[in-house]
Amino acid sequence: MNGAVRETWSPASEADQMVLKELRETVGACMQCGTCTASCPNWHAMDITPRAMWRMIQFGMLDRILESKTFWMCSACYMCTLRCPRGLKLTSAMAGLKRLAGVEGSRSARRNQAFYAAFMDDVEAHGRVQETSMMQRYFIKSRDPMLPLSFLPLGVRMIGKGKVHLPGKGRGDVLRPMFAKAREMEGLS
Amino acid sequence: MKYAYYPGCSLTESACEFDVSTRLVMERLGCELIEIPDWTCCGASAAEPVSRLMNYALPARNLAIVEQEMDGLDVLAPCSACYLNLLKVNREVVGDRRLHGRVNEVLAASGLHYRGEVRVRHLLDVLKNDVGAKIVEQKITDGLQGMKVAPYYGCQILRPYPVFDEPGRPVSMEPFIEAMGGEVYRFDMSNRCCGASLMMGHPEVAIRSVAEILNDAAGADAIVTVCPLCQMNLEAYQAKARKAGGQSVPVLYLTQLLGLAMGLDEKDVQLAANLTMTPAVRRGIADRAWAVPAPGDEDETAGLNG
């Protein structure tokens with residue numbers, strides 16, 4: 001199958017092509033043995049197996065990949081990376097797929113990306129993560145009014161244990177220059 | 001022995017008992033922990049899904065500070081995610097000229113530069129290879145009396161870079177449990193993922209993992225952990241895990257248990273801060289395992305032990 005045919009399956013934007021190129025390099029040597037799928041603790045929640053996902057990356061089937069929820073179910077346990085007989089960085093590939101979906105920015109991607117984005121926003125704002133302000137950011141980004149309620153009982157227990165700290169200034173703006181530089185270099189807004 | 005201590009964000013927030021007990025225990029074991037000045041977040045597992053460059057630059061910033069200002073001491077990280085992110089800089093950035101250059105370009109925005117000469121160690125690595133169970137055994141004053149302890153290793157201290165333990169069947173905590181006078185409760189899921197940050201976006205998936213892990217460890221008096229997120233997931237969601245068919249097991253940090261066995265009291269290691277350590281659970285464990293022998297017994301057995 002030649003390159004031209006593959007492209008027609010999933011015409012991708014320039015930004016997508018960049019991440020896709022990285023991903024193709026990461027999983028290009030996959031020989032479809034399926035050890036990753038057999039090693040995954042979250043396989044039951046995935047709609048496409050990790051093994052099939054690598055094949056779809058090799059083929060550049062971008063639209064089908066982005067419809068899937070498989071990569072959002074990766075909890076970065078690195079069992080597949082450890083066991084891959086080809087030594088591929090598969091957990092990093094899952095993170096790459098999360099970035100790719102983030103660039104694409106569909107509604108479901110925004111919801112699934114909400115926690116990571118809230119975490120990083122808090123790091124940028126305070127230098128260190130402050131759990132109360134990070135969770136507030138997460139609740140706002142998720143746009144799900146039921147979400148704060150589901151964490152309420154745990155929040156109350158944690159207050160009782162003295163585990164909840166009021167957000168402060170933290171380390172202030174110490175990381176902002178690095179974040180700005182990385183954005184410029186990665187071409188993300 | 002001196003280490004550049006990187007507590008990480010969790011240990012300054014909800015996992016303060018891990019920070020307190022780590023500092024106390026390491027001090028008693030003759031290790032000096034010097035906190036890295038002005039350390040910042042490592043990005044945990046949230047950076048990589050957002051920015052590949054920041055995933056490396058955030059931990060690299062801390063290593064650069066150690067390299068420049070702390071004479072390149074070994075970094076000691078008690079948190080699994082901090083440990084792996086810091087280690088990844090040495091394994092994946094240093095040696096890749098293009099990526100190393102790009103990461104240093106980001107660091108330069110804060111006037112920093114990382115050459116790649118700082119060694120990254122997890123708490124358990126230091127305990128095993130620098131301290132050793134023999135030294136720990138000499139410090140034990142309140143033995144665990146055969147308490148059954150299930151060591152839970154989690155993921156990121158073992159994988160993808162096995163440095164100090166066997167990733168498929170980890171054993172590095174066992175000599176310490178035995179040194180404390182405890183009985184090792186081996187279980188298959190000791191290296192199985194707790195669900196990590198899936199607990200935020202897809203709790204139903206993570207709860208299933210937690211329930212399976214708790215069930216596998218259910219014969220133990222307690223589970224010990226060496227990661228704030230493992231600890232949080234295993235203990236904070238036990239009510240939900242029970243609904244998913246899991247059983248309740250008390251969970252505490254290895255360093256808290258070490259502290260108790262070394263004669264520190266429950267307040268010192270902030271045992272009350274653990275979500276599973278309710279007064280009833282503590283009494284239950286004390287009755288079964290930490291039974292303080294009557295004063296008379298101690299004299300009789302002193303000769304045998306000595």
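Residues numbered from 1 in each chain as written. Chains lettered and ligands numbered in written order. Predicted model: local features only at pLDDT ≥ 70, side-chain atom pairs only at ≥ 80, totals over all residues.

Attention now moves to the overall build of chain B. On a plain count of helices and strands, chain B comes out with 15 helices and eight strands. Against the globule reference of 19 Å for 306 residues, chain B gives a C-alpha radius of gyration of 20 Å, in line with a compact fold. Seen through its principal axes, chain B has C-alpha atoms that stretch 65 × 45 × 30 Å. Burial analysis of chain B (306 residues in total) assigns 55% to the buried set. Look at the contacts in chain B between residues 6 or more apart in sequence, and 79% of them connect residues 24 or more apart. (Helix = DSSP H or I, 4+ residues; strand = E, 2+ residues; numbered from the N terminus. Rg over C-alpha atoms; globule rule 2.2 N^0.38 Å. Buried ≥ 20, exposed ≤ 12 C-beta atoms within 10 Å, placed from the backbone. Contact = placed C-beta atoms within 7 Å.)

The subject of this paragraph is the environment of R107 of chain A. All names here are of chain A. Mapped onto the elements of the fold, R107 is located in helix α8 (residues 107-126). We classify R107 as exposed; it has 8 C-beta atoms within 10 Å. Sequence spacing of R107 and M135 is 28 residues, and the spatial spacing of their C-alpha atoms is 20 Å.

All names here are of chain B. Pairing within the open sheet is parallel, and its four strands lie in the order β6-β5-β7-β8. The two strands at the open ends of the sheet, each matched to only one other strand, are β6 (183-184) and β8 (251-253). Where strand β7 (residues 222-225) and β8 come together, three bridges link them in parallel fashion. Its bridge partner being in β8, T225 is matched across the sheet by Y253. Packed onto the sheet, helix α13 (residues 254-261) meets β5 (148-151), β7 and β8 and runs at close to 75 degrees relative to β8. (Pairing = 2+ DSSP bridges. Axes fitted to C-alpha atoms, helices over the stretch in contact; angles between N-to-C directions.)

Residue and element names in this part refer to chain A. Under the 1.5 Å per step criterion, the end-to-end length of helix α2 (residues 14-27) is 20 Å for 14 residues, consistent within 8% with the ideal 20 Å. Along α2, the positions that sit buried rather than exposed are V19, L20, L23 and V27. Angular distribution of buried residues about the axis of α2 spans 105 degrees; they occupy a single face of the element. The exposed residues of α2 that point more than 90 degrees off its buried face are E14, K21 and E25. Residues of α2 that are buried sit in contact with α4 (50-59), α5 (62-67) and α7 (90-104). (Expected span 1.5 Å × (residues − 1). Arc of directions from axis to C-beta.)

Bringing helix α9 (residues 131-142) of chain A into the picture now. End to end, α9 of chain A covers 16 Å across twelve residues, agreeing with the expected 16 Å (1.5 Å per residue, within 8%). Structurally, α9 of chain A contributes buried residues whose contacts are with α8 and α10 (146-160) of chain A together with α9 (198-201) of chain B. Taken from the residues just after α9 of chain A, R143 of chain A is the one with a positive phi, measuring 55 degrees.

The next thing to look at is the environment of G127 of chain A. Position of G127 of chain A relative to the elements: it lies in the loop between α8 and α9. Sequence separation between G127 of chain A and V174 of chain A is 47 residues, and the spatial gap between their C-alpha atoms is 6.1 Å.

Turning our attention to unusual backbone geometry. Residues and elements named next belong to chain B. In this model, R159 is joined to P160 through a cis peptide bond whose omega is 0 degrees. Among the secondary structure elements, P160 is positioned in the loop between β5 and α8 (174-179). The phi dihedral of D71 falls on the positive side, at around 60 degrees, and the residue is not glycine. For D71, a count of 10 C-beta atoms within 10 Å translates into the label exposed.

A residue-level look at chain A finds 93% of positions with pLDDT of 70 or above and a mean pLDDT of 91. Below a pLDDT of 50 lies the segment residues 1-8 of chain A, which in the model reaches four contacts outside its immediate sequence neighbourhood of four places, other chains included. (pLDDT = per-residue confidence, 0-100.)

Further remarks concern the nonpolar core. Counting 155 residues, the largest nonpolar core has A57 and L86 of chain B as its most contacted members. Sorting elements by how many residues they give to this core places helix α3 (residues 52-69) of chain B first, with ten residues. In this structure A57 of chain B touches M178 and A182 of chain A together with V103, V106 and L107 of chain B, once residues within four positions along its chain are discounted. (Core = buried A, V, L, I, M, F, W, Y, C linked by C-beta atoms within 7 Å.)

Time to look at the sheet that holds strand β4 (residues 120-122) of chain B. All names here are of chain B. The sheet built from four strands is open, its strands ordered β2-β1-β3-β4 with parallel pairing. Each of the sheet's edge strands pairs with one partner strand only, and the pair in question is β2 (32-35) and β4. Neighbour to neighbour, the strand axes of the sheet diverge by 40 degrees on average, direction disregarded. Packed on one face of the sheet, helix α6 (residues 123-131) meets β1 (2-5), β3 (75-77) and β4 and runs near 85 degrees to β4.

A word on the domain arrangement of chain B. Residues and elements named next belong to chain B. The assigned domain composition of chain B is domain 1 (2-123) and domain 2 (133-288). Once you take the C-alpha centre of each, domain 1 and domain 2 turn out to be 24 Å apart. Listed as interface residues are 26 residues of domain 1 and, on the opposing side, 28 residues of domain 2. The set of elements that each furnish at least two residues to the side of domain 1 that touches domain 2 consists of α1 (9-12), α2 (16-28) and α4 (80-93). Broken down by element, the side of domain 1 that touches domain 2 gets its largest block of residues, nine residues, from α2. Partitioning the side of domain 1 that touches domain 2 into residue classes produces 16 nonpolar, seven polar and three charged. (Domains from an automatic or database assignment. Nonpolar A, V, L, I, M, F, W, Y, C, P; charged D, E, K, R; others polar.)

Another aspect to go through is the interface of chain A and chain B. The interface of chain A with chain B comprises 49 residues on the first partner and 45 residues on the second. Counting only elements with at least two residues in the side of chain A that touches chain B, the list comes to α6 (79-83), α7, α8, α9, α10 and α11 (176-186) of chain A. Here the side of chain A that touches chain B is built from residues that sort into 27 nonpolar, twelve polar and ten charged.

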